[in-house]
Amino acid sequence: FLLLTGRMPDAAASQVLNATLVAIAEHGLVPSVQAARMTLAAAPDAMQGAVAAGILGSGSVILGASETAGRLYVEIEQAAAQHGGDLRAAAKAVGAQRRERKIPIAGYGHPEHKRRDPRVDAVFNVSQRAGGGQKYVEIAKLVEEVIPEVVGKDLKLNVSGAIPAVLLGVGFPVAALKGVPMLARTASLIAHL
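None of the values given here were measured: they were computed from a predicted structure.

Comments concerning the nonpolar core
Nonpolar side chains tend toward joint burial in soluble globular proteins. Counting residues in hydrophobic clusters, the biggest one holds 49 residues, and the most contacted among them are Y73, I76, Y108, F124, V143, L167 and F172. Those elements that provide at least two residues to this core are α2 (11–24), α5 (65–79), α6 (87–100), α7 (118–130), α8 (135–151), α9 (159–169) and α10 (179–192). With 10 residues, the single largest contributor to this core is α8. If we skip the residues at most four places from it in the chain, L167 touches V16, L17, T20, F172, L177 and V180. In this structure, V30, V33, A36 and I55 belong to the second largest nonpolar core, which totals 6 residues.

Shown next as structure tokens:
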């Protein structure tokens, strides 16, 4: 947090960042873990290469969805001005624009969790108890509410949508959001290897 913002984290920022790192660290045998394991099998003396392979194998779906969702929340916040400050109307309008352009709404839907991903409420609760800002949490929940109208499916928040909501609330830079899952996953890759 200090390296990215130039200021020491307060208690809320520290607790929120720790919770997000824990929430996203381990994901089982996903493609990035498999790439790392295969690379280590080919070069057992180069753990750094195997970890790098795992991180390089991540993109907009694996590890990048948090940044994409965070940018969505910021866009909705900015669009609210065009809707008289109504965040729900802005969420619906921005979601509809993405739907028209066939852009997925990152941070919503999960192959295993058909109801809301349980890590979402856990991370939201940490943020609220710690005193983190709740504006982006509100925006994330509003997006979840309007998705059935916009997309035609009831897609629930997943952890990749919760992470940017709480981090933005403690002043984490949107351009660095992808770094949180990358940092957490690096620790997980080392454990796998």
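Some details on the packing of helix α3 (residues 31–42) against α10
Contact geometry of α3 with α10 gives a least axis separation of 10 Å together with a crossing angle of 45 degrees. It follows from the interaxial angle that α3 and α10 lie oblique. The handedness of the crossing between α3 and α10 comes out as right-handed. Residue-level contacts link S32, V33, A36 and R37 of α3 to R185, L189 and H192 of α10. Its residues assigned to classes, the contact of α3 with α10 comprises 3 nonpolar, 2 polar and 2 charged.

Rules used in this analysis
Residues numbered from 1 in each chain as written. Predicted model: local features only at pLDDT ≥ 70, side-chain atom pairs only at ≥ 80, totals over all residues. Heavy atoms only, no water. Core = buried A, V, L, I, M, F, W, Y, C linked by side-chain atoms within 4.5 Å. Buried < 20%, exposed > 50% of the residue type's maximum accessible area, 1.4 Å probe, protein only. Helix = DSSP H or I, 4+ residues; strand = E, 2+ residues; numbered from the N terminus. Contact = heavy atoms within 4.5 Å. Axes fitted to C-alpha atoms, helices over the stretch in contact; angles between N-to-C directions. Parallel < 35°, antiparallel > 145°, perpendicular 65-115°, else oblique. Left-handed = near helix turned anticlockwise from the far one by under 90°. Nonpolar A, V, L, I, M, F, W, Y, C, P; charged D, E, K, R; others polar.

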